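# Topology and contacts: notes
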Amino acid sequence: MYDPSSPLLRPVVSEDGVANPEAKARFAEDRLLDAVIWCELRPGEVVTESDVMERFGLTKAAARSGLARLGYDGWAMPQPRTGWRILSVSGALIGDVIGARHVAEPALATLNLDAAAKEELTQIAPVLTAMEGRTEAGAVRSVDHYLNRVDGIMLEHCNPFTARHLRKLWHHTSRIVHYFESAGTEPSFRRQDGPALIQALCADDQDAVIDARKALIDALEAFFLKRLLRDQTPLSRPGAQQQKTKPTSLNRTNQ
């Protein structure tokens, strides 16, 4: 599932095709992040350095660095003497991600795309239109690839601080989608915003860009809600513990 070409991850090679030394050092961090996003490391799972060394072929130093980075970015929490617990998926987390996206994504309406970016987008648009509604595995992968490229173009033209914030929100969204998809047999979530978004971006139509992103976020929210309403996990009060049975005159032993 690891895709080093994903725009959501940092580049692994330079423009001339040679691996960046800095990217080599970050490989473990990006590999573990990708494993979290794709739920190879399941929400709530506790993992150790030896676990990730064996599962992902990392050295001890790389595994330690990668897990520490997950902790720094809030994807995992250290557990005393047991390892690292991967961030759980909850209704509150989903609500926070959706709410943050509603606040952050209007910034995409102010992008100033250059001619090269618009030309690439106009080449992508008819491909997405032609594959709309296709369910074959190859078509689905192709659509995801082109939509990832659209997202990548937007990130490239964002303020770097905005881009960093949006990238993390999209990471969280992807992980939640993968979590629900891996837990059920219903149709997977498929984005339908591509052609409308591309048209709006190429026309510098800020209102249409905002509408396209809102439509995507609303569709994601509806998908998440539908899956949550079918989740059979029992609800429990945070911190609640089973009440201990107090001794009575019938079970108290004589002293």
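Keep in mind the model is a prediction, meaning the values are calculated, not measured.

## A short note on the overall build of the chain
- When its secondary structure is counted, the chain shows nine helices and three strands.
- Helices and strands appear in the chain in the N-to-C order α-β-α-α-β-β-α-α-α-α-α-α.
- Residue pairs at least 24 apart in sequence account for 68% of intrachain contacts in the chain once pairs closer than 6 positions are excluded.
- Accessible surface for the chain amounts to roughly 15500 Å². Of this, 54% is attributable to carbon and sulfur atoms.

## Overview of the confidence of the model for the chain
- In the predicted model, the chain carries a mean pLDDT of 85, and the fraction of residues at 70 or more is 81%.
- In this model residues 247-255 is a low-confidence stretch, pLDDT under 50, and it forms two contacts with partners more than four residues away in sequence or in other chains.

## Here's the deal with the pattern of salt bridges
- Tallied over the full model, the rule gives 15 salt bridges.
- The shortest N-O distance in the salt bridge between Arg134 and Glu136 comes to 2.9 Å.
- For Arg134, a relative accessible area of 43% corresponds to the partly exposed category.
- Residue class for Glu136 comes out partly exposed when judged on its relative accessible area of 38%.
- Here Arg191 and Asp151 are joined by a salt bridge, their closest N and O atoms 2.8 Å apart. Of the two residues, Arg191 sits in the loop between helix H7 (160-183) and helix H8 (194-202) while Asp151 sits in helix H6 (residues 137-156), which places them 40 residues apart along the sequence.
- Salt bridges here are not isolated pairs; linked through shared partners, they connect Arg101, Glu105, Asp151, Arg191, Asp193 and Arg213.

## Re the sheet that holds strand E1 (residues 46-47)
- What the three strands build is an open sheet, ordered E1-E3-E2; its pairing is antiparallel. Edge positions in the sheet fall to E1 and strand E2 (76-79), since each has one partner strand and no second.
- Judged from the two bridges that link them, E1 and strand E3 (residues 83-86) form a sheet pairing that is antiparallel. Bridge pairing in E3 places Val47 opposite Trp84.
- Together, E1, E2 and E3 form the strand contacts of helix H3 (residues 60-72), whose direction differs from that of E3 by roughly 45°.

Parameters and conventions
- Residues numbered from 1 in each chain as written.
- Predicted model: local features only at pLDDT ≥ 70, side-chain atom pairs only at ≥ 80, totals over all residues.
- Heavy atoms only, no water.
- Helix = DSSP H or I, 4+ residues; strand = E, 2+ residues; numbered from the N terminus.
- Contact = heavy atoms within 4.5 Å.
- Areas by Shrake-Rupley, 256 points an atom, 1.4 Å probe, with all protein chains shown as cover.
- pLDDT = per-residue confidence, 0-100.
- Salt bridge = Lys/Arg side-chain N within 4 Å of Asp/Glu carboxyl O.
- Buried < 20%, exposed > 50% of the residue type's maximum accessible area, 1.4 Å probe, protein only.
- Pairing = 2+ DSSP bridges.
- Axes fitted to C-alpha atoms, helices over the stretch in contact; angles between N-to-C directions.

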